[in-house]
Amino acid sequence: AQSVTQLGSHVSVSEGALVLLRCNYSSSVPPYLFWYVQYPNQGLQLLLKYTSAATLVKGINGFEAEFKKSETSFHLTKPSAHMSDAAEYFCAVSVYSGNTPLVFGKGTRLSVIA
Amino acid sequence: KAGVTQTPRYLIKTRGQQVTLSCSPISGHRSVSWYQQTPGQGLQFLFEYFSETQRNKGNFPGRFSGRQFSNSRSEMNVSTLELGDSALYLCASSLDGDLEAFFGQGTRLTVV
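These numbers were taken from a predicted model, which means no experiment stands behind them. (Residues numbered from 1 in each chain as written. Chains lettered and ligands numbered in written order. Predicted model: local features only at pLDDT ≥ 70, side-chain atom pairs only at ≥ 80, totals over all residues. Heavy atoms only, no water.)

## Points about the overall build of chain A
So, point 1. From N to C terminus, chain A includes 0 helices and 11 strands.
So, point 2. Going residue by residue from the N terminus, the α and β elements of chain A occur as β-β-β-β-β-β-β-β-β-β-β.
So, point 3. The 114 residues of chain A split such that 46% are buried.
So, point 4. Sequence-distant contacts, at least 24 apart, represent 57% of the contacts inside chain A between residues at least 6 apart.
So, point 5. With the model as given, the accessible surface of chain A reaches about 5400 Å², and the carbon-plus-sulfur share is 53%. (Helix = DSSP H or I, 4+ residues; strand = E, 2+ residues; numbered from the N terminus. Buried < 20%, exposed > 50% of the residue type's maximum accessible area, 1.4 Å probe, protein only. Contact = heavy atoms within 4.5 Å. Areas by Shrake-Rupley, 256 points an atom, 1.4 Å probe, with all protein chains shown as cover.)

## Observations concerning the sheet that holds strand β7 (residues 64-68) of chain B
Residue and element names in this part refer to chain B.
So, point 1. Spatially, β1-β3-β8-β7 is the arrangement adopted by the 4 strands of the open sheet, whose pairing is antiparallel. With one partner strand each, in any of the chains shown, β1 (5-7) and β7 form the two edges of the open sheet. The average undirected angle you get between the axes of adjacent strands in this sheet is 20 degrees.
So, point 2. Relative to strand β3 (residues 19-24), β1 is paired through 3 bridges, and the arrangement is antiparallel. (Pairing = 2+ DSSP bridges. Axes fitted to C-alpha atoms, helices over the stretch in contact; angles between N-to-C directions.)

## Quick look at the nonpolar core
So, point 1. By size, the foremost hydrophobic cluster in this structure holds 26 residues, and its most contacted members are W35, L48, F74, L76 and Y89 of chain A.
So, point 2. For this core, the secondary-structure elements that each account for two or more residues are β2 (10-14), β3 (19-26), β4 (32-38), β5 (44-50), β7 (64-68), β8 (73-78), β9 (87-94) and β11 (108-113) of chain A.
So, point 3. If near-sequence neighbours (up to four positions away) are discounted, F74 of chain A is found in contact with C23, L33, F34, W35, L48, Y50, V57, A65, E66 and F67 of chain A.
So, point 4. Core analysis: the second largest hydrophobic core is formed by 21 residues, L11, A87, Y89 and V111 of chain B among them. (Core = buried A, V, L, I, M, F, W, Y, C linked by side-chain atoms within 4.5 Å.)

## Some thoughts on the side chain of H75 of chain A
All names here are of chain A.
So, point 1. If you trace the backbone, H75 turns up in strand β8.
So, point 2. According to the relative accessible area criterion, H75 is buried, its value standing at 18%.
So, point 3. Within the structure, the side chain of H75 is placed 3.0 Å from the backbone nitrogen of C23, a separation counted as a polar contact.
So, point 4. Excluding residues within four positions of it along the chain, H75 makes contact with L20, L21, R22, C23, N24, W35, E64, A65 and E66. (Polar contact = N/O pair within 3.5 Å; in protein donor to acceptor, adjacent residues only side chain to side chain.)

Purely geometric stuff here, so don't read any function into it on its own.
So, in structure tokens, the structure goes:
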């Protein structure tokens, strides 16, 4: 079975500072990994996904994540935080079989301070 | 193209009642999944439908059910509502349970 652990339920950064949201996964088979963002009263929007190609994955809004098998990690980063990045971020894992659901972490709420 | 549409956006029901939520996937998508989101449990998988068949099911009681129609639209039903069913219910569609799921804005259900 797959699982995801997001370290830190709440992260606060200053505008312009580095954003680092941590995600560790557990999977008995090669995983597929995702980061989603959720704004208040909205659904989830896919930021980026890792599907066993390049280990450094670039997503939308300047976010990127690096898959590190040895550390079973898939941390999300952004060099410079913007006020509009304030939202909840979810890491998720799946294994591709055509019908395997996403398993989500508990989420990390990102606050950006002016 | 239009995204995933969930109706209604907000719903208030009384304990013991039943409720039906609707999800219209992106045109051409045949897989529809449902998730429940609560502050305590986070995002939990309910079930997935593909071509009108339930292909996968999460660990929820039988009060939670769903179906999918020939046009891929899906409904989920919760019977005998409990206070703990208050949650944001999210629907996601994909071409074939593939690796890019698109989520709707959700239906916020409040049980009083």
